[in-house]
Amino acid sequence: MAKKNISKYLTHEEAAHAIVEIGKRMYLKGFVASNDGNISIKIGENEILTTPTCVSKGYMTEEMLVKVDLQGQVISGTTKPSSELKMHLRVYSENPDVMAVTHAHPPVATSFAIAGIELDRAILPEAVVNLGTVPIAPYATPGSQAVPDSIAPYCRDYNAVLLANHGAVTWGKDVFEAYHRLSRWNTMLQY
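If you're wondering where the values come from, they're calculated on a predicted model, not measured in any experiment. (Residues numbered from 1 in each chain as written. Predicted model: local features only at pLDDT ≥ 70, side-chain atom pairs only at ≥ 80, totals over all residues. Heavy atoms only, no water.)

Draft legend 1. Focus on a negative patch on the surface. On the surface, a cluster of negative charge is made up of E13, E14, E62 and E63. Mapped onto the fold, E13 is located in helix α1 (residues 12–28). With a relative accessible area of 55%, E13 lands in the exposed category. (Patch = residues over 30% accessible without salt bridge, like charges linked within 9 Å, V, L, I, M, F, W, Y side chains within 5 Å. Areas by Shrake-Rupley, 256 points an atom, 1.4 Å probe, with all protein chains shown as cover. Salt bridge = Lys/Arg side-chain N within 4 Å of Asp/Glu carboxyl O. Lys, Arg positive; Asp, Glu negative; His and termini not counted. Charge placed at Lys NZ, Arg CZ, Asp CG, Glu CD. Helix = DSSP H or I, 4+ residues; strand = E, 2+ residues; numbered from the N terminus. Buried < 20%, exposed > 50% of the residue type's maximum accessible area, 1.4 Å probe, protein only.)

Draft legend 2. Geometry of the pattern of salt bridges. Within the structure shown, the criterion is met by 5 salt bridges. One salt bridge connects R25 with E21, and the closest N-O pair in it is separated by 2.9 Å. Highlighted residues: R25 and E21, both in helix α1, separated by 4 residues, approximately one helical turn. We classify R25 as partly exposed; its relative accessible area is 29%.

Draft legend 3. Molecular detail of the pairing of strand β7 (residues 160–163). Burial of β7 is two-sided: the residues A160 and L162 facing one way and the residues V161 and L163 facing the other way are all buried. Relative to β7, strand β6 (residues 136–137) runs parallel, the two being bridged by 2 bridges. Bridging from a neighbouring strand, I136 pairs with L162 of β7. The parallel pair β6 and β7, bridged by helix α5 (residues 146–151), forms a crossover whose chirality is right-handed. (Pairing = 2+ DSSP bridges. Right-handed = clockwise from strand over helix to strand, strands pointing away.)

Draft legend 4. View of the nonpolar core. Core analysis: the biggest nonpolar cluster contains 30 residues, and I19, M26, I41, L49, L162 and V175 have the highest contact counts within it. Of all the elements in the fold, those that place two or more residues in this core are α1, β1 (38–44), β5 (100–104), α3 (107–115), β7 and α6 (175–189). Broken down by element, the residue count for this core peaks at 6 residues, all from α1. If we ignore the near neighbours within four places in the chain, the residues touching V175 are A18, I22, I39, I41, A100 and T102. Counting 20 residues, the second largest nonpolar core, distinct from the first, contains V66, L85, M87 and L89. (Core = buried A, V, L, I, M, F, W, Y, C linked by side-chain atoms within 4.5 Å. Contact = heavy atoms within 4.5 Å.)

Draft legend 5. Geometry of α3. Every buried residue of α3 is accounted for by A109, T110 and A113. End-on view of α3: buried residues confined to an arc of 100°, all on one side of the axis. Exposed residues pointing more than 90 degrees away from the buried face of α3 are listed as I114 and A115. Of the residues trailing α3, G116 is marked for its positive phi of about 75°. (Arc of directions from axis to C-beta.)

Draft legend 6. Structural detail: the environment of N159. Within the fold, N159 resides in the loop between α5 and β7. Along the primary structure N159 and W171 are separated by 12 residues, whereas in three dimensions their C-alpha atoms are 5.9 Å apart. A polar contact of 3.4 Å, which involves the side chain of N159, links it to the side chain of R181. (Polar contact = N/O pair within 3.5 Å; in protein donor to acceptor, adjacent residues only side chain to side chain.)

Shown next as structure tokens:
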């Protein structure tokens with residue numbers, strides 16, 4: 001009989017499977033194109049499993065994932081982590097309750113980010129429960145240190161943030177909650 005994982009962290013294998021699954025969902029929903037987006041899961045006190053750079057989330061495999069520490073140093077993997085890893089690491093450092101982060105470019109949510117419209121109205125009850133208010137972080141060049149600095153003020157009190165002229169970031173107690181927040185948000189905005 002298999003031993004059950006009672007840790008608050010997923011095993012490397014469980015996290016790898018979940019990241020690949022969420023990557024495929026993001027790709028199939030049109031939340032990412034080409035090599036866009038990134039996903040990470042905290043798998044230990046000082047370990048993150050994350051998506052690689054320059055790989056389509058729809059065609060990603062578990063072997064492509066990269067394990068890093070909370071300073072962003074590669075622990076294992078044959079690929080490089082996404083340039084947006086700094087954003088994920090900032091969410092984890094600002095909010096220790098977060099266990100997973102997703103970043104994508106859902107068309108409707110990204111349109112709001114480009115238009116500079118915060119999501120601060122109760123449109124649907126489900127959205128309010130899952131998301132609450134969603135602020136917009138000031139514009140920062142993707143991949144730069146300015147991105148994590150721009151989202152830092154929102155990591156504790158919100159479940160998501162729009163990145164001005166860029167996309168959306170969500171987080172949660174697991175990668176499925178983070179993804180559902182990303183998915184719910186885009187669905188909510190289509191009404």
